[in-house]
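# A structural walkthrough
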Amino acid sequence: MNYLRRKLLFYLIAVWAAITINFLIPRLMPGSPVDALLGRLQQAGGAVSAEARASLEVMLGHGGQGGLWEQYVGYLGNLLRGDFGISSTYFPTEVSTILGAALPWTLVLVGLCTCLSFALGVTLGMVVGWRRGSRLDHLVPIATFLAAVPYFWLALVLVFLFGSTLRLLPLTGGYEYGTTVGFNWAFIGSALYHALLPAITIVLSSVGGWLLGMRNMMVSTMGEDYVLTAEAKGLRPRRIMITYAARNAVIPSIAGFAISLGFVVSGSIVTEVVFSYPGIGFTLLQAVQNNDYPLMQAVFLVITLTVLGANLLVDLLYAVIDPRTRQAG
């Protein structure tokens, strides 16, 4: 319980620090981002209401909102209500609506691909490491090549091969234009069809790293005394591989998986840009290109909170897998 209490306290402080920094950064900017943003909003769609201006002043910290403490309290109140302001890129849509529309695309695509590449890479790495010196070692140079290939380069090659040349898969987009968005088979089938090429890109680009890391840790772990003792006791090789060697070898990979899982929300920005996929990474790029401060601020905050949540889950998982962590922590 002490371990759990310390971890929860640490992450609560980290969440408070992230929210506070997100509150302070716009207030350190020169000039008035509220006036600049309102100018862009008026150019995009006309007059802006007094409520919209008050919300932007609270979120960005400029205008007649009282002292810094009053602004901070108002900012926290808006966060609790899910009010991140209005986006200038997608005026007059609220930022929370844009996040709600973009997050599911990234969570489903990048989340599933990250879990799939981790499971596939760790399993292959375990088997290759256990049977080192066999023909399975030929997977190592292939994995090294895949791990070294940049996302955008592999994405462009796959687009050229499967999209432009063979015309087997769509080039861009998240679903067929004209399809009614919702829980219907036409939309789900179209979304899965359009997600195939980005998914293949993400899995191929990341599976090599997991395979190499797990394979090297398996080779190192197999020389440990507890593995040799298990072999001397005559335990079945499959049990030694999974229960003794792989269980300890996978611990460093779990830390890397936690970081990858946390950054799922930020999406594979380059991949989403290449395929014009409507995820959170593509949304962030649009916000940066248009100086959309409320949208950028909200995306950064969501990414930070997701990374902290993923790290907390892995810290708790660490304590289950390796009891020494609870004693040392």
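Quantities reported herein were computed from a predicted structural model and do not represent experimental measurements. (Residues numbered from 1 in each chain as written. Predicted model: local features only at pLDDT ≥ 70, side-chain atom pairs only at ≥ 80, totals over all residues. Heavy atoms only, no water.)

With numbering aligned to this structure, UniProt lists the feature "transmembrane region" (unreviewed entry) at residues 9-29, 102-127, 139-163, 183-212, 249-275 and 295-321. The span residues 139-163 is 92% helical and 0% strand by assignment, and the distance between its end C-alpha atoms comes to 27 Å. Span residues 183-212 is 93% helix and 0% strand, its end C-alpha atoms 39 Å apart. (UniProt positions renumbered as here; feature names shortened; annotations may be inferred. Helix = DSSP H or I, 4+ residues; strand = E, 2+ residues; numbered from the N terminus.)

Taken as a whole and assessed by the stated rule, the structure comprises 11 aromatic pairs. Arranged with centres 5.1 Å apart and planes meeting at 85°, the rings of Phe10 and Tyr11 form a pair that is edge-to-face. Ring centres 5.1 Å apart and planes at 90° place the aromatic pair Phe118 and Trp210 in the edge-to-face group. Of the two residues, Phe118 sits in helix α5 (residues 95-130) while Trp210 sits in helix α8 (residues 185-221), which places them 92 residues apart along the sequence. (Phe/Tyr/Trp six-rings, centres within 6.5 Å; stacked < 30°, edge-to-face > 60°.)

Looking now at the side chain of Arg215. Mapped onto the elements of the fold, Arg215 is located in helix α8. Classification of Arg215 as buried rests on a relative accessible area of 18%. When neighbours within four sequence positions are excluded, Arg215 is seen to be in contact with Gly125, Val128, Gly129, Arg132, Asp137 and Val140. (Buried < 20%, exposed > 50% of the residue type's maximum accessible area, 1.4 Å probe, protein only. Contact = heavy atoms within 4.5 Å.)

This next bit is on the layout of surface pockets. Considered as a void within the structure, the largest pocket measures approximately 520 Å³ in volume. Taken together, 19 residues line the largest pocket, and the ones lying closest to its centre are Pro104, Trp105, Val108, Ala191 and Tyr277. Mapped by element, the contributors of at least two residues to the lining of the largest pocket are α5 and α8. When its residues are assigned to classes, the lining of the largest pocket shows 18 nonpolar, 1 polar and no charged. (1 Å grid on protein atoms, 1.4 Å probe; cavity = no way out; pocket = protein on both sides within 12 Å on 5 of 7 lines; lining within 4 Å. Points joined across faces, edges and corners; volume = space filled by probe spheres on them. Nonpolar A, V, L, I, M, F, W, Y, C, P; charged D, E, K, R; others polar.)

For the rest of this paragraph, the subject is unusual backbone geometry. For Arg167, which is not glycine, the phi dihedral falls at a positive 55°. Its place among the elements puts Arg167 in the loop between α7 (151-165) and α8. The class for Arg167 is exposed, based on a relative accessible area of 67%. Of note, the phi angle at Ser276 is positive, near 50°, even though the residue is not glycine. Structurally, Ser276 is set in the loop between α12 (269-274) and α13 (280-289). The class for Ser276 is partly exposed, based on a relative accessible area of 35%.

Structural remark: α-helix, 3.6 residues per turn; residues separated by three or four positions point the same way. Every buried residue belonging to helix α6 (residues 139-148) is among Val140, Ala143 and Leu146, and all of these are buried. Viewed end-on, α6 has its buried residues packed into an arc of 125°, placing them on one side of the element. In this structure, α6 carries Pro141, Phe145 and Ala148 as exposed residues pointing more than 90 degrees from its buried face. Where α6 is buried, its residues meet α5 and α8. (Arc of directions from axis to C-beta.)

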